[in-house]
Amino acid sequence: MKILTSPADLQAQAAAWKKAGETIILVPTMGYLHEGHLSLIRLARRNGDRVVVSIFVNPTQFGPTEDLDKYPRDFQRDAELCRQEGVDALFHPSPGEMYAPDFSCWVQEESLSQTLCGAFRPIHFRGVCTVCLKLFHLSLADGAVFGKKDAQQLLVIQRMVRDLNVPIRIIPAPLVREEDGLARSSRNKYLSAQERVRALALSRGLFRAQEAFQAGERRPEALTGLVRQELEAVQAEKIDYVELMDRDTLRPAGSAAGHTLLAVAAYIGKTRLIDNVFLDDTPACP
Ligand code: PAF
């Protein structure tokens, strides 16, 4: 496995692979890899000849009061896991290599990124879109894998690729949970043992809503209410949102008929957790 830190080296390696007729799949990450990331890497492996994983804690997607400095990092362990997964190149640039001191070009998605997390993290998706477009250019990737855990991020990136005609295929990957239901996240590391138990309220609430949906419930306030009940039962420190959104617009859905996303963001202790389920009442094709 090649470990590359310079953007020019990644682009040169990618160009050599392309010249040899090989396809490249990118898995963009911020490191501190867990089973969820490994499932993205395995999906990438099934979709192309070469797999590039980027590990870059992107400063431009963190607000001034957010957890950029304490975001967990363990490059040696991440590199070992990537090696075991047969990754071809690991890209690990420094912030200075990705952003010139007078960097001044940004990608701003202006619709889907306004609600849910975007309403609470105003610069977040501008940073995500900008760094992802840079990573797409540097890796010359044919495809890139994004997990459904960050559902809004996936939809925003799909919109960017469509609107800016970026020649890359976005490959959505299923959300990976711990055995007890907690969505896998690098930020779970922040949770104390007690908080870890309270954090299960997010997935428990979503599963209850999913069951109600399967039993025919379509009213947004009834579905979101089930999630809120669980969060209130564990006295979540703060609920940023529990929302049922139309999946195409990420605006509040009047009903759970059609394709919707039920999404939650809440603080357990000082840790902000997100989780979601996609609700789909379109009958499966016979
Ligand atoms: O999902 C993440 O880890 C990040 O937002 C990403 C896509 C790697 C961009 O920094």
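Residue positions are counted from 1 within each chain, in the order its sequence is given. Given that the model is predicted, a residue must reach a pLDDT of at least 70 before its local features are reported, and side-chain atom pairs must reach 80 or more before they are shown or counted; all residues, however, enter totals for whole chains, interfaces and linings. To obtain the side-chain values, all non-hydrogen atoms of the structure were used and water was disregarded.

A. How the structure looks around the sheet that holds strand β8 (residues 259–268). If you walk across this open sheet you meet the three strands as β7-β8-β9, and the pairing is antiparallel. Of all strands in the sheet, those with a lone pairing partner are β7 (238–246) and β9 (271–280), marking the two edges. For this sheet the average axis-to-axis angle between neighbouring strands, irrespective of direction, equals 10°. Here, any two strands with at least 2 DSSP bridges between them count as paired. Runs of H or I in DSSP of at least four residues are treated as helices and runs of E of at least two as strands, each being numbered from the N terminus. Where β8 meets β9, 10 bridges bridge the pair, whose relative direction is antiparallel. Paired with A266 across the two strands is L273, which belongs to β9. By the convention used here, residues are in contact when the closest approach between their heavy atoms is within 4.5 Å. Only the stretch in contact is used when fitting a helix axis, every axis being a line fitted to C-alpha atoms; angles between N-to-C directions are given from 0 to 180 degrees. Set on the sheet, helix α9 (residues 200–214) makes contact with β8 and β9; between it and β9 the angle comes to about 15°.

B. Representation of the pattern of salt bridges in the model. Criterion for a salt bridge: a side-chain nitrogen of Lys or Arg within 4 Å of a carboxyl oxygen of Asp or Glu. By the definition in use, this model includes 21 salt bridges. Salt-bridge contacts for R50 lead to E22; the nearest nitrogen and oxygen are separated by 3.1 Å. Taken together, the residues span a long stretch of sequence, with R50 in strand β3 (residues 50–55) and E22 in the loop between α1 (7–19) and β2 (24–29) at a distance of 28 residues. Buried, partly exposed and exposed residues are distinguished by accessible area as a fraction of the type maximum, computed with a 1.4 Å probe on protein chains only: under 20%, between the cut-offs, and over 50%, respectively. Residue E22 is classed as partly exposed on the basis of its relative accessible area of 22%. A salt bridge links R187 to D67, with the shortest nitrogen-to-oxygen separation between them at 2.8 Å. One end of the pair, R187, is in the loop between β6 (169–173) and α8 (193–198); the other, D67, is in the loop between β3 and α3 (75–84), with 120 residues separating them in the sequence. By relative accessible area, which is 18% here, R187 ends up buried.

C. Quick peek at the environment of A144. As for its placement among the helices and strands, A144 is situated in strand β5 (residues 143–147). Considering only alpha carbons, one finds A144 and D246, 102 residues apart in sequence, at a separation of 24 Å.

D. Spatial organisation of the site of the ligand. Neighbouring residues of the ligand: P28, T29, M30, N58, Q61, V128, V131, C132, F146, D150 and Q153. A distance of 2.6 Å separates an oxygen atom of the ligand from a polar side-chain atom of Q61. In protein, a polar contact requires one atom able to donate a hydrogen and another able to accept it; more generally it is a pair of N or O atoms within 3.5 Å, and residues adjacent in sequence count only if both atoms are side-chain atoms. Side-chain polar atom of Q153 to an oxygen atom of the ligand: 2.7 Å apart, as the coordinates give it. Residue-level accessible areas treat just the shown protein chains as cover; the underlying method is Shrake-Rupley with a 1.4 Å probe. About the coverage of the ligand: the protein hides 89% of its 290 Å² of free accessible area. Elements with a minimum of two residues in the shell around the ligand: β2 and α6 (124–139). Here the element with the most residues in the shell around the ligand is α6; it accounts for three residues. Note that Gly is not counted as nonpolar here; it falls among the polar residues with everything else outside the nonpolar set of Ala, Val, Leu, Ile, Met, Phe, Trp, Tyr, Cys and Pro and the charged set of Asp, Glu, Lys and Arg. Split into classes, the residues belonging to the shell around the ligand amount to six nonpolar, four polar and one charged. We call a residue near a molecule or strand as soon as one heavy atom of that residue lies within 4 Å of the molecule or strand.

E. Broad picture of the nonpolar core. Counting residues in each nonpolar core, the largest one holds 45 residues, and the members touching the most others are F136, I157 and I170. Top element by residues in this core is α6. It accounts for nine residues. What F136 contacts, discounting residues up to four positions off in sequence, is L26, A141, A144, F146, I157, M160, V161, V166, I168 and I170. Grouped together as the second largest cluster of nonpolar side chains are 26 residues, L200, L206, L231 and A236 included. Throughout this description, the term nonpolar core refers to a set of buried Ala, Val, Leu, Ile, Met, Phe, Trp, Tyr and Cys residues connected via side-chain atoms within 4.5 Å.

F. Layout of the pairing of β8. Summarising burial for β8: eight of the 10 residues are buried, a large majority. When β7 meets β8, the two strands line up antiparallel, connected through eight bridges. Note on β8: the bridge partner recorded for M245 is L261. Adjacent in sequence and paired antiparallel, β8 and β9 are bridged by two residues, among which G269 carries a positive phi angle near 60°.

G. A look at the sheet that holds strand β4 (residues 89–91). In spatial order, the strands read β1-β4-β3-β2-β5-β6; together these six strands make up an open sheet with parallel pairing. Single-partner strands in this sheet number two, and they are β1 (2–4) and β6. Ignoring strand direction, the axes of neighbouring strands in this sheet form an average angle of 25°. Sheet topology places β1 next to β4; three bridges connect them, and they run parallel. Its bridge partner being in β4, L4 is matched across the sheet by F91. Docked against the sheet, helix α7 (residues 151–163) engages β5 and β6, running at close to 170° with respect to β6.

These results come straight from atomic positions and should not be treated as a statement about function.
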